[in-house]
Amino acid sequence: MLSDISKIVSANRAFFLPYLTFLVFCSIALLLFDKNGLHIAINQKSHPIADVFFQYITYLGDGRMLVIYALILLFIKYRYVLILLISSLLMGITTFVLKTQVFDSALRPKSYFENIYQLRLVPGVENYLHNSMPSGHTATAFCIFTGFAIMAKNKNSGFLFFLIAVLIGFSRIYLSQHFLADVLIGSLIGVFLVLLVYYCFEKYVSKPGLEKALFKT
């Protein structure tokens, strides 16, 4: 199993090499600095254009976007739709359990910094207060765009998919919806589950009908 997954990763280096760099960078940052200082440092770097950009790109990681992503994949291959939906379902269950059962006391930045530091909040954004760990938007983003990178014929497009996913993840920090650790763990959940589901389909599911698509026989 591990060797097969490593082959999938190797075939998609344009996505996984920058993702590995992202993991290392975030891990080092979390080891060297406390989450208060990290979040405040990011919160102090703001710009009106960035406010608008991150306010809207964060929606690409919203669970409701799965409908649009699934519709796109219907025109490519039915197999991909099932991989997307199953991995997203597993991701949703995993993040829900972690948020509500394991890290149920984890506060979001707005609550955490209350009476400690006056965060700059982006106007028009509703900031949530609880269930910070892990970031569901980030998990969704990395689940979807890792899947797109693996499914794409042009493997060089993997970097673009990584960039979209990481920008969605960063938007959660910029908007003070999550801490860096929440985003890091969310990304790991998304990547791991889509890799696992993709591997299972490649290994165990071989139905010719799944290779078809809408308007393609």
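Structure: see above.
Residues numbered from 1 in each chain as written. Predicted model: local features only at pLDDT ≥ 70, side-chain atom pairs only at ≥ 80, totals over all residues. Heavy atoms only, no water.

1. With respect to the pattern of salt bridges
Enumeration over the complete set of coordinates arrives at five salt bridges. Asp62 serves as the salt-bridge partner of Arg64, at 2.9 Å between the closest nitrogen and oxygen. (Salt bridge = Lys/Arg side-chain N within 4 Å of Asp/Glu carboxyl O.)

2. Thoughts on unusual backbone geometry
The omega torsion across Met133 and Pro134 is -5 degrees, close enough to zero to call that bond cis. Counting through the fold element by element, Pro134 comes out in the loop between helix 7 (109-112) and helix 8 (136-151). Positioned with a positive phi, Asn115 is a non-glycine residue whose angle comes to about 70 degrees. Along the chain, the position of Asn115 falls in the loop between helix 7 and helix 8. Note on Asn115: relative accessible area 82%, which makes it exposed. Notably, Ser176 is not glycine yet its phi reads approximately 55 degrees, a positive angle. By the element assignment, Ser176 lies in the loop between helix 9 (158-174) and helix 10 (180-204). (Helix = DSSP H or I, 4+ residues; strand = E, 2+ residues; numbered from the N terminus. Buried < 20%, exposed > 50% of the residue type's maximum accessible area, 1.4 Å probe, protein only.)

3. Points about the packing of aromatic side chains
Enumeration over the complete set of coordinates arrives at 23 aromatic pairs. An aromatic cluster is built from Phe15, Phe16, Tyr19, Phe22, Phe142, Phe159 and Phe162, whose rings are joined through pairwise contacts. Directly above the aromatic system of Tyr112 lies the positively charged group of Lys35, at a separation of 4.3 Å from the ring centroid. When the ring centre of Phe179 is taken as reference, the NZ or CZ atom of Lys35 above it lies at 4.3 Å. (Phe/Tyr/Trp six-rings, centres within 6.5 Å; stacked < 30°, edge-to-face > 60°. Lys NZ or Arg CZ within 6 Å of the ring centre and 35° of its normal.)

4. Observations concerning the packing of helix 8 against helix 9
Between helix 8 and helix 9, the shortest axis-to-axis distance is 9 Å and the interhelical angle comes to 175 degrees. When the interaxial angle is binned, helix 8 and helix 9 end up roughly antiparallel. In this structure, helix 8 contributes His137, Thr138, Ala141, Phe142, Phe145, Phe148 and Ala149 to the contact, and helix 9 contributes Gly158, Phe161, Phe162, Ile164, Ala165, Val166, Ile168, Gly169 and Arg172. (Axes fitted to C-alpha atoms, helices over the stretch in contact; angles between N-to-C directions. Parallel < 35°, antiparallel > 145°, perpendicular 65-115°, else oblique. Contact = heavy atoms within 4.5 Å.)

5. Overview of the layout of surface pockets
Here the largest pocket is characterised by a volume of approximately 280 Å³. In this structure, the largest pocket is lined by 16 residues; those nearest its centre are Phe22, Phe25, Cys26, Phe170 and Leu180. It is helix 2 (residues 13-32) that contributes the most residues to the lining of the largest pocket, six residues altogether. Of the residues that constitute the lining of the largest pocket, the class distribution is 14 nonpolar, two polar and no charged. (1 Å grid on protein atoms, 1.4 Å probe; cavity = no way out; pocket = protein on both sides within 12 Å on 5 of 7 lines; lining within 4 Å. Points joined across faces, edges and corners; volume = space filled by probe spheres on them. Nonpolar A, V, L, I, M, F, W, Y, C, P; charged D, E, K, R; others polar.)

6. Some thoughts on the nonpolar core
With 53 residues, the main nonpolar core has Phe15, Tyr19, Phe22, Tyr69, Ile83, Phe142 and Phe145 as its most contacted residues. Elements that contribute at least two residues to this core include exactly helix 1 (2-11), helix 2, helix 4 (48-57), helix 5 (66-74), helix 6 (78-102), helix 8, helix 9 and helix 10. At 10 residues, helix 10 tops the list of elements feeding residues into this core. Beyond its immediate chain neighbours, meaning those up to four positions away, Phe15 contacts Phe142, Phe145, Thr146, Ala149, Gly158, Phe159, Phe161 and Phe162. Met91, Ala139, Ile189 and Leu193 belong to the second largest nonpolar core, which has five residues in total. (Core = buried A, V, L, I, M, F, W, Y, C linked by side-chain atoms within 4.5 Å.)

7. Some thoughts on empty space enclosed by the protein
Tallying each qualifying case throughout the model produces one cavity of 30 Å³ or more. Considering only enclosed or pocket space, the largest cavity measures out at about 30 Å³ in volume. Ile42, Asn43, Ser46, Arg120, Val122 and Tyr174 together form the lining of the largest cavity. In terms of residue class, the lining of the largest cavity is made up of three nonpolar, two polar and one charged.

8. Quick notes on the side chain of Ser157
Positionally, Ser157 belongs in the loop between helix 8 and helix 9. At 2.6 Å, the side chain of Ser157 forms a polar contact with the backbone oxygen of Asn154. (Polar contact = N/O pair within 3.5 Å; in protein donor to acceptor, adjacent residues only side chain to side chain.)

9. Quick look at helix 2
Here helix 2 is 20 residues long and its end C-alpha atoms lie 28 Å apart, about the 28 Å a rise of 1.5 Å per residue gives. All of the buried residues along helix 2 are Phe15, Phe16, Pro18, Tyr19, Phe22, Leu23, Cys26 and Ala29. The arc that holds the buried residues of helix 2, viewed along the axis, is 165 degrees, so those residues lie on one side. Along helix 2, exposed side chains directed more than 90 degrees from the buried face belong to Arg13, Leu17, Thr21, Phe25, Leu31 and Leu32. (Expected span 1.5 Å × (residues − 1). Arc of directions from axis to C-beta.)

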